[in-house]
Amino acid sequence: MKFYESGASNLPLILLLPGTCCNWRANFGKVLPLLEPDFHVVCASYDGFDENENTVFPDMLTETAKIEAYIKEKDGGHIRAAYGCSLGGSFVGILVQRGDIHIDHAILGSSDLDQETGLTAKLKSRVMAGMLTKILHTGKLPGWMRRRMRKE
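Every value quoted in this text rests on a predicted model; they were computed, and no experiment measured them.

Q: Help me get a handle on the packing of aromatic side chains, residues and values and all.
A: Going through the model one piece at a time under the given rule, you end up with 7 aromatic pairs. Measuring from centroid to centroid gives 6.5 Å for Tyr46 and Phe57, while their planes differ by 80°, and the two rings are edge-to-face. Taken together, the residues Tyr46 in the loop between β3 (40-45) and α3 (60-75) and Phe57 in the loop between β3 and α3 connect sequence positions 11 residues apart. Residue Tyr46 is classed as buried on the basis of its relative accessible area, which comes to 0%. Here the aromatic rings of Phe49 and Phe57 are separated by 5.6 Å at their centres, their planes lie at 25°, and the arrangement is stacked.

Structure, rendered in structure tokens:
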């Protein structure tokens, strides 16, 4: 696993965790210049996903332990924020659950929604917001979703 850093090291640290089979630069390259003036940014590049390594992705817990060790060494085990999209969101969840490092703000993203642009993003967001709102208000899944889940 490699970690790529940018921004001044005396600024609050934020950790960016890319999605499944995604290169850190492809996921976060456009936002790095916006974050660097205010944050020390660390982008993780998982084993098996980095073009500069000849490695194989072992498993989630092994990679999580590497992330924790890096954060402990780098910033004493405390970071301002962690953002993960798709697979990265799973890592953020595991990091919070394990509690071995302290994260002030844990942000989970979905690669299906937050990487869309324009009309597609608006349409998907409206559909999902409407569906989730109904589920939260009624406490029940829609009939088609229940049937699909039983089938699966």
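Q: How would you sum up the environment of Phe28? Please name residues and give values.
A: Tracing the sequence through the fold places Phe28 in helix α1 (residues 24-28). Overall, Phe28 belongs to the buried group, its relative accessible area being 4%. As for Phe28 and Leu16, which are separated by 12 residues in sequence, their C-alpha atoms are 7.7 Å apart.

Q: Go over the sheet that holds strand β5 (residues 102-109), please, and point to the residues and values.
A: Ordered in space as β1-β3-β2-β4-β5, the 5 strands form an open sheet in which the pairing is mixed. At either margin of the open sheet sits one strand with a lone partner, and together these are β1 (2-6) and β5. Neighbour-to-neighbour, the strand axes of the sheet open up by a mean angle of 20°, direction not taken into account. Across 7 bridges, strand β4 (residues 78-85) lies against β5 in parallel orientation.

Conventions used here
- Residues numbered from 1 in each chain as written.
- Predicted model: local features only at pLDDT ≥ 70, side-chain atom pairs only at ≥ 80, totals over all residues.
- Heavy atoms only, no water.
- Phe/Tyr/Trp six-rings, centres within 6.5 Å; stacked < 30°, edge-to-face > 60°.
- Helix = DSSP H or I, 4+ residues; strand = E, 2+ residues; numbered from the N terminus.
- Buried < 20%, exposed > 50% of the residue type's maximum accessible area, 1.4 Å probe, protein only.
- Pairing = 2+ DSSP bridges.
- Axes fitted to C-alpha atoms, helices over the stretch in contact; angles between N-to-C directions.

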